[in-house]
Amino acid sequence: MINFNGNLGILPHQAWNREYQYTIDKEIVAELLAKSKSLGLSLIAVEGRDMFLANHGVKNNAGFGFFPSTLETDQVLSQQSLRDNPISITVQVEPELKAGLIDFLQNQFGDQVEVSPWGGPHSIVEIATKGVHKSTGLKFLADYYGILQKDIIAFGDEGNDVTMMQYAGTGVAMKNAIDKIKEFANDVTDFSNDDDGVARYLQDRMDIAVGE
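About the cut-offs
- Residues numbered from 1 in each chain as written.
- Predicted model: local features only at pLDDT ≥ 70, side-chain atom pairs only at ≥ 80, totals over all residues.
- Heavy atoms only, no water.
- Patch = residues over 30% accessible without salt bridge, like charges linked within 9 Å, V, L, I, M, F, W, Y side chains within 5 Å.
- Areas by Shrake-Rupley, 256 points an atom, 1.4 Å probe, with all protein chains shown as cover.
- Salt bridge = Lys/Arg side-chain N within 4 Å of Asp/Glu carboxyl O.
- Helix = DSSP H or I, 4+ residues; strand = E, 2+ residues; numbered from the N terminus.
- Buried < 20%, exposed > 50% of the residue type's maximum accessible area, 1.4 Å probe, protein only.
- Pairing = 2+ DSSP bridges.
- Axes fitted to C-alpha atoms, helices over the stretch in contact; angles between N-to-C directions.
- Parallel < 35°, antiparallel > 145°, perpendicular 65-115°, else oblique.
- Left-handed = near helix turned anticlockwise from the far one by under 90°.
- Contact = heavy atoms within 4.5 Å.
- Phe/Tyr/Trp six-rings, centres within 6.5 Å; stacked < 30°, edge-to-face > 60°.
- Lys NZ or Arg CZ within 6 Å of the ring centre and 35° of its normal.
- Expected span 1.5 Å × (residues − 1).
- Core = buried A, V, L, I, M, F, W, Y, C linked by side-chain atoms within 4.5 Å.

Trainee: Help me out: how do you make sense of a nonpolar patch on the surface in this one?
Mentor: Taken together, the side chains of Tyr-144, Tyr-145 and Ile-147 define a hydrophobic patch exposed on the protein surface, amounting to about 320 Å² of accessible area. Of note, Tyr-145 is situated in helix 4 (residues 134-145). You can call Tyr-145 exposed: its relative accessible area is 56%.

This is the structure in structure tokens:
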């Protein structure tokens, strides 16, 4: 399993001698916490293989359907609670300050991190290790299983899917993908994520019969 946009490769619940992870200096998190007000950060969440910390719970879903709305005591982010370098940092920023945040991150930490703004309606920015993308994990899996690049089909809908789709032999954008992804894609599904778009595409592409 590849997680965090290619930054973690594991066998879940098992030890594996091929496991890898790329982490971010936790001092970057400390800097974001210290400057959260001036940078317009309404939420800072950090994750690792066995770590989730946030400065508060997610309000009104805020585009983070996979983050909790209420935090346990040991999930509250602070310089004291963040003991290990995280794999991923996700922040929500005031929309009018989003460009300024990206400039700040690139100027201050551009040699250490990748900055990936979401392309959807929510003003969210992901921060991860410099030079590591979803294509990193895809290449790792392809090499491990001996799969040729031309035989890979990659599906995407957001900005962080671009490198993966470019690496794959066939990059497929979901019907509900942002425009940037559709521009990079070799094909577009006829159905969205909510309508089994990947399954339907593969059924047609591979001529898979579906039982009644």
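That was the structure; now back to the text.
Trainee: Is there a simple way to explain the pairing of strand 8 (residues 124-129) in this structure?
Mentor: Two faces make up the sheet, and in a regular strand the side chains alternate between them. Taken across its six residues, strand 8 has six buried, putting it largely inside the fold. Direction of pairing for strand 6 (residues 88-93) relative to strand 8: antiparallel, over a ladder of four bridges. The partner of Gln-92 across the bridge, within strand 8, is Ile-124. Here strand 7 (residues 113-117) pairs with strand 8 via five bridges, running antiparallel. Bridging across to strand 8, Glu-114 finds its partner in Ala-128.

Trainee: Looking at this structure, I do not really get the sheet that holds strand 10 (residues 170-173). What am I missing?
Mentor: Each strand in a sheet pairs with its neighbour through backbone hydrogen bonds, running either in the same direction (parallel) or in the opposite one (antiparallel). An order of 9-10-11 is seen for the three strands of this open sheet, with the pairing classed as parallel. The open sheet has two edge strands with one neighbour each: strand 9 (153-156) and strand 11 (187-188). In the sheet, strand 9 pairs with strand 10 via four bridges, with the strands oriented parallel. Across the sheet, residue Ile-153 finds its bridge partner in strand 10, namely Thr-170.

Trainee: What exactly am I supposed to notice about the packing of helix 1 (residues 26-34) against helix 3 (residues 98-109) here?
Mentor: The relative placement of two packed helices comes down to the angle between their axes together with the axis-to-axis distance. Across the interface, helix 1 lies against helix 3 with an axial gap of 13 Å and an inter-helix angle of 140°. The orientation of helix 1 relative to helix 3 falls into the category oblique. When the axes of helix 1 and helix 3 are compared, the crossing they make is right-handed. For the pair formed by helix 1 and helix 3, the contact residues are Ile-28, Glu-31 and Leu-32 on the first element and Phe-104, Leu-105 and Phe-109 on the second.

Trainee: What should I look at first to understand the packing of aromatic side chains in this one?
Mentor: Each aromatic ring pair is summarised here by two numbers: the centre-to-centre distance and the angle between the ring planes. As enumerated under the stated definition, the model contains seven aromatic pairs in all. Chaining the aromatic ring pairs together yields one cluster made of Trp-16, Tyr-20, Tyr-22, Phe-140, Tyr-144 and Tyr-145. Sitting above the plane of the Phe-191 ring, Arg-200 keeps its charged end 4.1 Å from the centroid.

Trainee: Is there a simple way to explain helix 4 in this structure?
Mentor: Each α-helix turn comprises 3.6 residues. Residues three or four places apart therefore point the same way. Given a rise of 1.5 Å per residue, 12 residues ought to cover 16 Å, and the 17 Å separating the end C-alpha atoms of helix 4 matches this to within 8%. Restricting attention to buried positions, one finds in helix 4 the residues Ser-135, Gly-137, Leu-138, Phe-140 and Ala-142. Buried residues along helix 4 sit against strand 1 (2-3), strand 3 (20-21) and helix 5 (162-167). Positive backbone phi, approximately 70°, marks Gly-146, located one or two places after helix 4.

Trainee: Please clarify how the nonpolar core should be interpreted in this entry.
Mentor: A general tendency of soluble globular proteins is for nonpolar side chains to be buried together. Leu-32, Ile-89, Leu-105 and Val-125 are the most contacted members of the largest nonpolar core, which has 24 residues in total. For this core, the secondary structure elements donating two or more residues are helix 1, strand 4 (41-48), strand 5 (51-54), strand 6, helix 3, strand 7 and strand 8. Sorting elements by how many residues they give to this core places helix 3 first, with five residues. Those residues within four positions of Leu-32 in sequence are excluded, and the remaining contacts are Leu-39, Leu-41, Ile-44, Ile-89, Val-91, Phe-104, Leu-105 and Ile-127. Formed by 18 residues, the second largest nonpolar core is a distinct cluster that contains Leu-138, Tyr-167, Val-172 and Tyr-201.

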